Protein chains: 4
Amino acid sequence: MIRMVLNGCNGKMGKVISEMAKASTNISIVAGIDKNSSGLTYPCYNHINECEDEIDVILDFSRPDALDALCQYSKAKNIPIVFCTTGYTEKQLSKIHSLSEDIAVFHSANMSIGINIINNMLRSISNMLYKDFDIEIIEKHHNQKVDAPSGTALLLANTIKDSIEDETIFNNGRNGLHKRERNEIGIHAIRGGNIIGDHEIIFAGKGECIEIKHTAISREVFAIGALKACEYIYGKEKGLYSMDDVVNTSL
Amino acid sequence: MIRMVLNGCNGKMGKVISEMAKASTNISIVAGIDKNSSGLTYPCYNHINECEDEIDVILDFSRPDALDALCQYSKAKNIPIVFCTTGYTEKQLSKIHSLSEDIAVFHSANMSIGINIINNMLRSISNMLYKDFDIEIIEKHHNQKVDAPSGTALLLANTIKDSIEDETIFNNGRNGLHKRERNEIGIHAIRGGNIIGDHEIIFAGKGECIEIKHTAISREVFAIGALKACEYIYGKEKGLYSMDDVVNTSL
Amino acid sequence: MIRMVLNGCNGKMGKVISEMAKASTNISIVAGIDKNSSGLTYPCYNHINECEDEIDVILDFSRPDALDALCQYSKAKNIPIVFCTTGYTEKQLSKIHSLSEDIAVFHSANMSIGINIINNMLRSISNMLYKDFDIEIIEKHHNQKVDAPSGTALLLANTIKDSIEDETIFNNGRNGLHKRERNEIGIHAIRGGNIIGDHEIIFAGKGECIEIKHTAISREVFAIGALKACEYIYGKEKGLYSMDDVVNTSL
Amino acid sequence: MIRMVLNGCNGKMGKVISEMAKASTNISIVAGIDKNSSGLTYPCYNHINECEDEIDVILDFSRPDALDALCQYSKAKNIPIVFCTTGYTEKQLSKIHSLSEDIAVFHSANMSIGINIINNMLRSISNMLYKDFDIEIIEKHHNQKVDAPSGTALLLANTIKDSIEDETIFNNGRNGLHKRERNEIGIHAIRGGNIIGDHEIIFAGKGECIEIKHTAISREVFAIGALKACEYIYGKEKGLYSMDDVVNTSL
C-alpha cells in the first residue's frame, strides 16, 4: 500500500479523493492536512510540518499559498509530491520546476486521463492534418469561471502548435469578426449555467470534418487522475512528471 | 400550375432550382433570365425586360445589382416577386420594403424551412428560458466566408433579443476573454474547410442544457424554401412576406 | 411561505432538495419523513402518519411502496401532493389518477423544466415536420441503468406520435439492421460510464437536419423541478397536474 | 505526371474525380472506361480491353461485375490498380487478395483520409481505454441506405475489437432493450433524410467521456482519397495496400 498524505483533505476535491481512496487497493491516506478536521476517518493536522507519519507520497489539492511549505517539507524529507492545485503564478510554477531538480514532482494543467489521451492524439495527428484541415477549439464551462480560454484549451492549442512544423499564429478566441486566416487556430470560450467542462477540437477539411471531444461529467474524474498520479510517481527518481507520462506508459 | 420566371437561372442556385422545378407539380419555369443560356430546357432571355410571357411569380437568385430592373418590371406588371439574392445594402433593403407597398414581395435572411422553424421556437421559449438559462450561439461555415457572424446567426440572436422582455446587451462573438455577463448573448463563428452551414443555440441552466441545432447538408435546402416561397406568395395581395409566414401557416 | 413536508428526506434526492429549500424564499420544509434522521435541520418522522404539523403541500421522493400511505394521508387531510418517485406499476399509476379526483395531484415522467419545454416544442412542430423529415431519438445513460429506452425517451416519442395526424408505427430502438421505413420513429439507447442523462431528437430532411438536445448535468435539475411543482400545485383545486402545466403557464 | 485510366469515368464518382484530376499536378487521366462518353475531356472506351494507352495506374469506381476484366487486364499488363467499388462478395474480395500476389493492389472499406486517421487512433488507444470506458458507436446515413450498420462502422468496430487484448462479444446495434454488458460494443444506425455519412465513437468512463466523430460533407472526400491512393500505389511492388498505409506514411 502506498502511504499518502492529502494536503487540503477537507476541501471540495479533498473529500472526493478521501471517498475514492477508501476503495483503492493500492493507496491509503495515512493523514490529512486541513484547518477543518470534521468527519474525517484519518488523523488530520493543521499544517504539513506537524506530520511525522511514514509517508510515500504527498498529494496537494489546496491553495497556491501552500506551495512554499510543501516545497520545504517534501524536499527536506525527499518525498515525491503531486501538485493538483490550480492558479499558480509564473513565479510559483518555476519554483515547482526547480523543486523537481531535487525530488520527484508531478504537475499537470489537467488531471483527467481523457484530456491527456486527447492531448496525446493531437500530438500524433496535428502535423499531418494541418496541411489540409483548418483547426478550431471550442471549450464550454459554467458562467462563474473567471479565466478564458480555459487552461486546458490552451494546453491543447499549444500541443497542436508545437506539433506543427511550420509556424502558426495563435488567435485565442477568434471572434469570427474577420475572414479566417490559414495559419490561425481559433479558440472559442462558451460560458453558461453550471457546465462542468467540455473541450472540442475541430479539424475541418475538404469534404470532411474530424471532431475530438472531451466531456467532464463530475469532479470524480480529477480524483481518479490524482490517484493514478500518486501511483505513478511512487518510488520515482527526482524529475518533473505529468499526466502525459502516465498516459504514455499505459499506451 | 404557377408560371414562374427565374432570374439568374444559370447560376449555382438557379441550376438547383431548375432541376427541382422539373419534379414540382405546382410550379413550372416558363422562362429564365441569364447571360448564359447553355443547357436550359426553357427559353432564356438576357434581361428581364425581354420577357413577354404570361407569368404569375418572379424568383430572383442573382446579384444585388439586378434589383432596380426587377423592382421596375415587377411593379409595372404587378407580379409577386421572391428575392433570394443575398448581400443587399441597407439602401437596397429599404427599396425592397417600399416595393412591398405596391406589390407582394417576399424576402428572408435565410430560405431554409428548418432555420425558420427554429427561429419560431426561439420566439416562443426565449423569454421564459432567459430567466434561468444563459444563451450562446455557435455558427460554423467554410473558410472562404467573408462575413461573420453569419446573417442567420444575427437573425436568430435578434429574435431572441426581441422576445426577451428586459433589455439585453448583445456581444456578437464573445471571445471568452472576460467573465460572462448575465445579459449578453455570445455568438461564436467557427470557420473551416467547406462546412456548408451549421447553427446551434445553447441554453445553459442550473443542472441542464437545451441545445437546438440546424445543419445544412446541401444547397437543395434553399431551393426547396424558394419554391415554397413562390407557392406562398402566388396570388397574395401587396405586402412584405417572409419564410416566417410560410412556417406559421404550416404550423 | 409554502409549508412543505418531504417524504424520503434523507435519500439521495431528498438531500439535494433540503439543500435547495434552504435558499428558497417561497418554500420551507416544516418536516421530513425518513427512517434515518441524521444531519437534518428540521423535524423528521418515521412515518407520514406521525406528522401533525400544519402543511400546505407534500413532496414525495421515496419508493413506490410508500404510495398507499401517502394517498390515504393526503386525501384524509386534503393536502396537495407531488409524486416524484419513479418505477410505479400500471396499477399504482391508476391509483395516482383516481386520487386526483379528490385532491390536487402532481405527477410527471420527467421533472426537469428543460425536458418538458422540449416536449412542448415537439408537440407544436412534429406534425408539420413529419411530412418532410425522418424522426429518430438518441438517449444516453450510465451503464447501470436497467430499463431501456428511458421513460423520458418514450415520453418524447409518444408526444411526437400523438402530435402526428397519420398513424405511426413505433419501433423502439431501431437497431438499424433493416432499411428505414417511412413511418417509424427509431429510438436508440446508448449506455456507458456514468452519463447522467442525454436525450436528443433528430429531424432529418432533404438537405437539412434539426436536432433538439437535452443534457442533464446534475441531480439538481430534478430538485428545481420538484420545488417548482410544489409552488405550482399550492392552493390548486383537485385534479391531475404535470410539468407540462408548469411550462405552459410560464410560456 | 502519373498516367491514370479511370474505370467508370462517367458515373457519379467518376465525374467528381475527373473534375478534381484537372487540378492535380501529379495525376492526369489519359483515358476513361464507360458506356456513356458524353461530356468527357479525354478519350473514352467501352471496355478496359480496348485501352492501348501507356498507363501507370488503374482507378476503378464502377460495379462489382467489372472485377474479372480488371483483374485480367491489370495482371497481364502488370499495372497497379485501385479498387474503390463497393458491395463486393466474399468471393470477389478474396479474388482481389489473390491478385495482390502478382501486382500492386489497393483496396479500403472507406476511402476518406479522416476515417482512416480515426481508425488509426482507435488502434492506438482502444486497449488502454477499454479497461475503464464503455465503447459505443453511432453512425448516421440517408434513409435510402439499404445496409446497416455501415461498412465503415463495422471497420471501426473491428479495429477496436482487434486492438483489445481480451475477448469482446460484438453486439451490432445494441437496441438498448437490455442492460449493458461489460464486454459489448454497441453500434447504433440512425437513418434519415439525405445525411451523407457521420460516424461517432463514444468512450464513456467514470466522470468523463471521449467522443471521436467523423462527418462526410460531400462526395469530394472519397475522390481526394482515391487520388491519394493512386499516388501512393504508383511504382509500388506487388502486394495489398490500403488507406491505412497512406495515413501511416504521412504520420
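The model shown is predicted, which means the values in this text are computed figures rather than measured ones.

## Overview of the overall build of chain A
So, step 1. The helix and strand tally for chain A stands at seven helices and twelve strands.
So, step 2. A compact globule built from 251 residues would reach a C-alpha radius of gyration of about 18 Å, and chain A, at 20 Å, matches this within 12%.
So, step 3. Here the C-alpha coordinates of chain A stretch approximately 60 × 40 × 35 Å along the principal axes.
So, step 4. Counted over contacts in chain A with a minimum sequence separation of 6, partners at least 24 positions apart contribute 68%.
So, step 5. Counting only carbon and sulfur atoms, one obtains 48% of the accessible surface of chain A, whose full area is about 10200 Å².
So, step 6. Charge separation in chain A, taken as the distance between the mean sites of 26 positive and 33 negative side-chain charges, equals 3 Å.

## Section: the side chain of N116 of chain D
So, step 1. Turning to its location among the elements, N116 of chain D is positioned in helix α4 (residues 113-130).
So, step 2. From its side chain, N116 of chain D meets the backbone oxygen of N110 of chain D in a polar contact 2.9 Å long.

## Details of the side chain of S126 of chain D
So, step 1. Counting through the fold element by element, S126 of chain D comes out in helix α4.
So, step 2. If we ignore the near neighbours within four places in the chain, the residues touching S126 of chain D are I160, S163, I164 and F203 of chain D.

## Some details on the relation of the copies chain B and chain A
So, step 1. With an RMSD of 0.0 Å, chain B superimposes on chain A once it is rotated by 180 degrees and translated 0.0 Å along the axis. The superposition of one copy onto the other is thereby described by a two-fold rotation axis.
So, step 2. Most of the interface of chain B is mirrored in chain A: 100% of its interface residues are interface residues there too.

## As for the relation of the copies chain D and chain A
So, step 1. Mapping chain D onto chain A calls for a screw motion: a turn of 180 degrees about the axis and a shift of 0.0 Å along it, with 0.1 Å RMSD after fitting.
So, step 2. The residues that chain D uses at the interface reappear at the interface of chain A in 100% of cases, marking a shared surface.

## Considerations on the pairing of strand β6 (residues 104-107) of chain C
For a regular strand, side-chain orientation follows a simple rule: the groups alternate between the two sheet faces.
All names here are of chain C.
So, step 1. In the sheet, strand β5 (residues 81-83) pairs with β6 via three bridges, with the strands oriented parallel. Looking across to β6, one finds that I81 is bridged to V105.
So, step 2. Following the chain from β5 across helix α3 (residues 90-99) to the adjacent parallel β6, one finds a crossover that is right-handed.
So, step 3. Note that β6 and strand β12 (residues 239-241) share three bridges and pair parallel. Each bridged residue has a counterpart across the sheet, and for V105 the counterpart in β12 is L240.

## Regarding the domain arrangement of chain A
Residues and elements named next belong to chain A.
So, step 1. Domain boundaries assigned for chain A yield domain 1 (2-111 + 219-250) and domain 2 (113-215).
So, step 2. Using C-alpha coordinates to define each centre, domain 1 is positioned 29 Å away from domain 2.
So, step 3. Listed per partner, the contact involves nine residues of domain 1 and nine residues of domain 2.
So, step 4. Summed over both sides, the interface between domain 1 and domain 2 buries roughly 860 Å², with carbon and sulfur atoms accounting for 56% of that surface.
So, step 5. Of all residues in domain 1, the largest losses of buried area upon contact with domain 2 belong to N110, D244 and V247, amounting jointly to 54% of the total for that side.
So, step 6. At the junction of domain 1 and domain 2, the tally comes to one salt bridge.
So, step 7. With a closest N to O distance of 3.1 Å, R123 and D244 form a salt bridge.
So, step 8. The interface formed by domain 1 and domain 2 contains five residue pairs in polar contact (both at pLDDT 80 or more).
So, step 9. If you tally residues by element for the side of domain 1 that touches domain 2, the top one is helix α7 (residues 243-250), at five residues.
So, step 10. Split into classes, the residues belonging to the side of domain 1 that touches domain 2 amount to five nonpolar, two polar and two charged.

## Notes on the UniProt feature "binding site: (S)-2,3,4,5-tetrahydrodipicolinate" (unreviewed entry) in chain A
Residue and element names in this part refer to chain A.
So, step 1. Mapped onto the present numbering, the UniProt feature "binding site: (S)-2,3,4,5-tetrahydrodipicolinate" (unreviewed entry) falls at H142, G151 and T152.
So, step 2. With respect to the secondary-structure elements, H142 resides in the loop between β7 (134-141) and α5 (151-163).
So, step 3. For H142, a relative accessible area of 28% gives the class partly exposed.
So, step 4. Ignoring sequence-local partners within four residues, the contact set of H142 consists of R191, G192, G193, N194 and I195.
So, step 5. Turning to its location among the elements, T152 is positioned in helix α5.

## Quick notes on the pattern of salt bridges
So, step 1. Counted by the stated rule, this structure contains 44 salt bridges over all chains.
So, step 2. In this structure, the salt-bridge partner of E54 of chain C is R3 of chain C, at a minimum N-O distance of 3.9 Å. With E54 of chain C in the loop between β3 (44-45) and β4 (57-60) and R3 of chain C in strand β1 (residues 2-7), the pair connects residues that are 51 residues apart, well separated along the chain.
So, step 3. By relative accessible area, which is 58% here, E54 of chain C ends up exposed.
So, step 4. Here the salt bridges share partners, and the residues they tie into one network are R3, E54 and D56 of chain A.

## Brief notes about the interface of chain B and chain A
So, step 1. Taken residue by residue, the interface counts 33 residues in chain B and 33 residues in chain A.
So, step 2. With both sides pooled, the region where chain B packs onto chain A buries about 2500 Å², and carbon together with sulfur makes up 55% of that total.
So, step 3. Our enumeration of links across chain B and chain A arrives at two salt bridges.
So, step 4. The partner of K140 of chain A in a salt bridge is E211 of chain B, and the shortest N-O contact between them spans 3.7 Å.
So, step 5. Counting across the chain B and chain A interface gives ten residue pairs in polar contact (both at pLDDT 80 or more).
So, step 6. Elements represented by at least two residues in the side of chain B that touches chain A include exactly β7 (134-141), β9 (184-191), β10 (198-204) and β11 (208-216) of chain B.

## Let's talk about the sheet that holds strand β2 (residues 27-33) of chain C
Residue and element names in this part refer to chain C.
So, step 1. The seven strands are arranged β3-β2-β1-β4-β5-β6-β12 in an open sheet whose pairing can be described as parallel. Edge strands, defined here as strands with exactly one partner in the open sheet, are β3 and β12.
So, step 2. Helix α2 (residues 67-77) rests against β1, β4 and β5 of the sheet, and its axis sits at about 160 degrees to β5.
So, step 3. Running over the sheet, α3 touches β5, β6 and β12 and is turned about 145 degrees from β6.

## Points about the sheet that holds strand β4 (residues 57-60) of chain B
All names here are of chain B.
So, step 1. The strand order β3-β2-β1-β4-β5-β6-β12 describes an open sheet built from seven strands, whose pairing is parallel. In this open sheet, the two edge strands, each paired with only one partner strand, are β3 (44-45) and β12 (239-241).
So, step 2. Where β4 lies against strand β5 (residues 81-83), three bridges are found, and the strand directions are parallel. Residue pairing in the sheet places I58 in a bridge with I81 of β5.
So, step 3. Set on the sheet, helix α3 (residues 90-99) makes contact with β5, β6 (104-107) and β12; between it and β6 the angle comes to about 145 degrees.

Cut-offs applied
- Residues numbered from 1 in each chain as written.
- Chains lettered and ligands numbered in written order.
- Predicted model: local features only at pLDDT ≥ 70, side-chain atom pairs only at ≥ 80, totals over all residues.
- Heavy atoms only, no water.
- Helix = DSSP H or I, 4+ residues; strand = E, 2+ residues; numbered from the N terminus.
- Rg over C-alpha atoms; globule rule 2.2 N^0.38 Å.
- Contact = heavy atoms within 4.5 Å.
- Areas by Shrake-Rupley, 256 points an atom, 1.4 Å probe, with all protein chains shown as cover.
- Lys, Arg positive; Asp, Glu negative; His and termini not counted.
- Charge placed at Lys NZ, Arg CZ, Asp CG, Glu CD.
- Polar contact = N/O pair within 3.5 Å; in protein donor to acceptor, adjacent residues only side chain to side chain.
- Least-squares fit on C-alpha atoms with pLDDT ≥ 70 in both.
- Pairing = 2+ DSSP bridges.
- Right-handed = clockwise from strand over helix to strand, strands pointing away.
- Domains from an automatic or database assignment.
- Buried area = accessible area lost by both parts, 1.4 Å probe.
- Salt bridge = Lys/Arg side-chain N within 4 Å of Asp/Glu carboxyl O.
- Nonpolar A, V, L, I, M, F, W, Y, C, P; charged D, E, K, R; others polar.
- UniProt positions renumbered as here; feature names shortened; annotations may be inferred.
- Buried < 20%, exposed > 50% of the residue type's maximum accessible area, 1.4 Å probe, protein only.
- Axes fitted to C-alpha atoms, helices over the stretch in contact; angles between N-to-C directions.

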